[in-house]
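# Understanding the architecture of this molecule
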Amino acid sequence: MTTVKTWPGKPYPLGATWMGNGVNFAIFSEHATGVDLCLFDNIGAPKENVRIPFREQTEQVWHLFLPDARPGQLYGHRVYGPYDPKRGLRFNDSKLLLDPYAKAIAGQINWSDEMFGYVVGDKAEDLTRDSRDNAWAMPKSVVVDDAFNWRDDKRPNTPLSETLIYEVHVKGFTKLLGDVPEQFRGTYAGVASEPAIRYLKNLGVTAVELLPVHTHLDDKALVDRGLTNYWGYNTIGFFAPHGHYSSNRELTAEVTEFKSMVRALHAAGIEVILDVVYNHTGEGNHLGPTVCFRGIDNGAFYRLMADNPRFYLDYTGTGNTVDTLHPRTLQMVMDSLRHWVVEMRVDGFRFDLAPALGRDGTGCNKFAAFFKVIQQDPVLSQVKLIAEPWDVGEGGYQVGNFPVPFSEWNGKFRDAMRSFWRGDEGFIGEVAYRLTASPDLYQHDGRQPYASVNFITSHDGYTLNDLVSYNDKHNEANGDENRDGDSHNRSWNCGVEGPTDDPNINSLRRRQERNFLTMLFLSQGVPMLLGGDEFGRTQKGNNNAYCQDNEISWLNWQWDEKQNRLFEFTKKLIQLRREHPAFRRPKFFQGRRVPGGEIKDVMWFNPGGNEMSEKEWNSPFARCLGMLISGDAIGLVDEHGEPVRDDTFLLLINAHHEPIPFVLPGEEHLEWEQILDTANEDGFLKEPKKFSSGDDVDLGGRASCLFKLSRGEQPRARHESWKKRAMAALAAITGDEERAKK
């Protein structure tokens, strides 16, 4: 093999770092007996053309410097040590390994038995070492030059209280968007294209939350079925953008294209939030492939069973759990996060299965090192941090239990709204909590309303259209006999499973979509919209489309008239929220008379125009509620110290199947202006309707209405109706009975 000039190099930074006069290579392995650097001339080379032993080791980091190496160099590692799975040791120098710190990864796995560290099919399973070389079948790490012309890039720095998140897949967003040049569809460049950004701006979102863009593996089981890991929750490179989302397949081009996408979105005032998967890797359980971490230092990177380290602790449902209790693994996670903020300039992260990152011997611990390190980090503590607050381990549902500065996907918002609008009994009180940013979950530990990231749907589950069109999941296309995906979705098909020509059912479904969107955008907290829900995208009942890289998952931009109407309704809702700070308060409601004043910042009414009683809050059959938001009781000041003022709004919601007359609150001689009615096909009224306080409003069955005080002093609206009436006892109707009354 070719002789290469080597210098000792430095143990930091880890990974392959272009220094301007060569490349420094550094890799951590606590238990290895030796490490080789393997260099490749091209991506198709069946084996390395140069193998260089690391001679230097400093504090468990192996390092060397190649003065003649340049960006674009393909490389990998071979790591020596004992192969003894019973002791948690899985070194196998016959297997080429990716660099955990690789900033670009080229190629893809050619699935074969050589990709496994053990002899596939052997009676001893993973206990017998496989000695065949796998370099021909492995992707390769690539040296990257971080230089990039950011021009005058500035972060939008949108306050969380004013943020509106659009969750979308890089490929699925523009794959079918005809206005985007064909070569850019489904890529980072597609997201950065003028038509895509124009659409996002027109819709009114402030941030895109991208499904995983870290380099990930397509599981062998999926590839064997002709499928792929479309969502990307199977990370194998925490520093490298996924190469298949680049329109340019030259080495490291995906890095430049990703940065260009961020720069273009920032120029449009749109932030970039990444969905990141640090809880597990794509190497799976003890029978998974040896691609990176397993072969470098299995016991350092993964949580192993204490009494039998051959096996992995699995809090993620994927076969392994990354060990963030190990200082070097925790360092890797933090280095990765800082890389994406500093070098790639993203604006925040949504952490997949976040409880797994804080698990220790006591369970999920919000005081774990992972959370402490982020909280004190001068870079990471200043970006948007959102936890998916559940994993599959014991006690894994941790909604409301994350520390500052984390916000959370509020699964209780999703569940309460779904149950309420399908007519389930006993949700009126919880809906009030969710409308007000869930103070029962977040107010106790110093967090603010923006700790609650509200959503009705997400990538994981039904789309909004399918939520109102299916009672049961339909995941047959995934090849697992419909066993995958959640079977408890709190969905309601409105009477018929799937598409129907029944005009009444279709009308009800559209009304339910408008109800859900109204709740999402008029609630306090941070709304997150699933990409495509604004126009009624369907996945044909598939609630787990993780492997569907096709029209099931891609956004279809060919809309009919009804989809256009839904888009316009969503757009107007977003505009209403943006124009009125009453719907995006950065502080919680007090729900009582404000100190020093005689006003309440929020009030709750029953249909008789009375304030809700304790008995009504506790009634399992109450499904109708009025919420008054005081525009002059926001209790906040702007950046110049001036009081923030807004209109006073009244939101009426009715999940009963039948209309209910609702007495408008307030003293005499006030005027309310109705601006929204979800029973109307357009949602927003072309001509607002005028009502006086004390009037009866016909609140439609399964409908929402929004009123704005248009005449009279706002304090006078914060009273029970001057024409209030006593409420009759509620009929005891169950959720099943409600759903039977279409």
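Described below are features of the structure shown in this document. (Residues numbered from 1 in each chain as written. Predicted model: local features only at pLDDT ≥ 70, side-chain atom pairs only at ≥ 80, totals over all residues. Heavy atoms only, no water.)

### Comments concerning the overall build of the protein
- Across its full length, the protein carries 17 helices and 31 strands.
- With the C-alpha coordinates aligned to their principal axes, the bounding extent of the protein is approximately 95 × 55 × 55 Å.
- Residues counted as buried form 61% of the 742 residues belonging to the protein.
- Sequence separation of 24 or more characterises 73% of the internal contacts of the protein that already satisfy a separation of 6 or more.
- Working note: accessible area of the protein is about 28100 Å², and carbon and sulfur atoms make up 47% of it.
- Each charge class in the protein can be summarised by its mean position, and for the 84 positive and 104 negative side chains these summaries are 1 Å apart. (Helix = DSSP H or I, 4+ residues; strand = E, 2+ residues; numbered from the N terminus. Buried < 20%, exposed > 50% of the residue type's maximum accessible area, 1.4 Å probe, protein only. Contact = heavy atoms within 4.5 Å. Areas by Shrake-Rupley, 256 points an atom, 1.4 Å probe, with all protein chains shown as cover. Lys, Arg positive; Asp, Glu negative; His and termini not counted. Charge placed at Lys NZ, Arg CZ, Asp CG, Glu CD.)

### Quick look at helix 8 (residues 369-376)
- Every buried residue of helix 8 is accounted for by F370, F371 and I374. Each buried residue of helix 8 sits inside an arc of 95° when the element is viewed along its axis, so together they form one side.
- Looking at the buried residues of helix 8, the elements they touch are helix 7 (327-342), strand 17 (348-351) and strand 20 (384-387). (Arc of directions from axis to C-beta.)

### A look at the packing of helix 7 against helix 8
- Closest axis-to-axis distance for the helix 7/helix 8 pair is 11 Å, and the angle between their directions is 35°. When the axes of helix 7 and helix 8 are compared, the crossing they make is right-handed. Residues L330, V333, M334 and L337 of helix 7 lie in contact with helix 8, whose contacting residues are A369, F370, V373 and I374.
- The residue inventory of the contact of helix 7 with helix 8, partitioned by class, reads eight nonpolar, no polar and no charged. (Axes fitted to C-alpha atoms, helices over the stretch in contact; angles between N-to-C directions. Left-handed = near helix turned anticlockwise from the far one by under 90°. Nonpolar A, V, L, I, M, F, W, Y, C, P; charged D, E, K, R; others polar.)

### Considering helix 3 (residues 194-203)
- Turning to helix 3, its buried residues are P195, A196, I197, Y199, L200 and L203.
- Just beyond helix 3, the residue with positive phi is G204, at close to 105°.

### What to know about the nonpolar core
- Core analysis: the biggest nonpolar cluster contains 167 residues, and F349 and F351 have the highest contact counts within it.
- Here this core gets seven residues from one element, more than from any other, and that element is helix 7.
- Not counting chain neighbours up to four residues away, the residues in contact with F351 comprise V276, Y278, L337, L357, F370, I374, L385, I386, A387, E388 and F406. (Core = buried A, V, L, I, M, F, W, Y, C linked by side-chain atoms within 4.5 Å.)

### Structural notes on the sheet that holds strand 12 (residues 165-168)
- Reading around the circumference, 12-13-16-17-20-21-22-23 is the order of the eight strands in this closed barrel, with parallel pairing throughout. For this sheet, the mean inter-axis angle between neighbouring strands, taken without regard to orientation, is 25°.
- The pairing of strand 16 (residues 271-276) with strand 17 spans four bridges and is parallel. Considered in strand 17, the bridge of D275 is made with R350. (Pairing = 2+ DSSP bridges.)

### Some points on the pattern of salt bridges
- If you walk through the whole model with that rule in mind, you get 48 salt bridges.
- One salt bridge in this structure joins R350 and D275, with 2.9 Å as the shortest N-O distance. One end of the pair, R350, is in strand 17; the other, D275, is in strand 16, with 75 residues separating them in the sequence. Both residues of the pair, R350 and D275, belong to the buried class.
- Note that R350 is salt-bridged to E388, the shortest N-O span being 2.9 Å. (Salt bridge = Lys/Arg side-chain N within 4 Å of Asp/Glu carboxyl O.)

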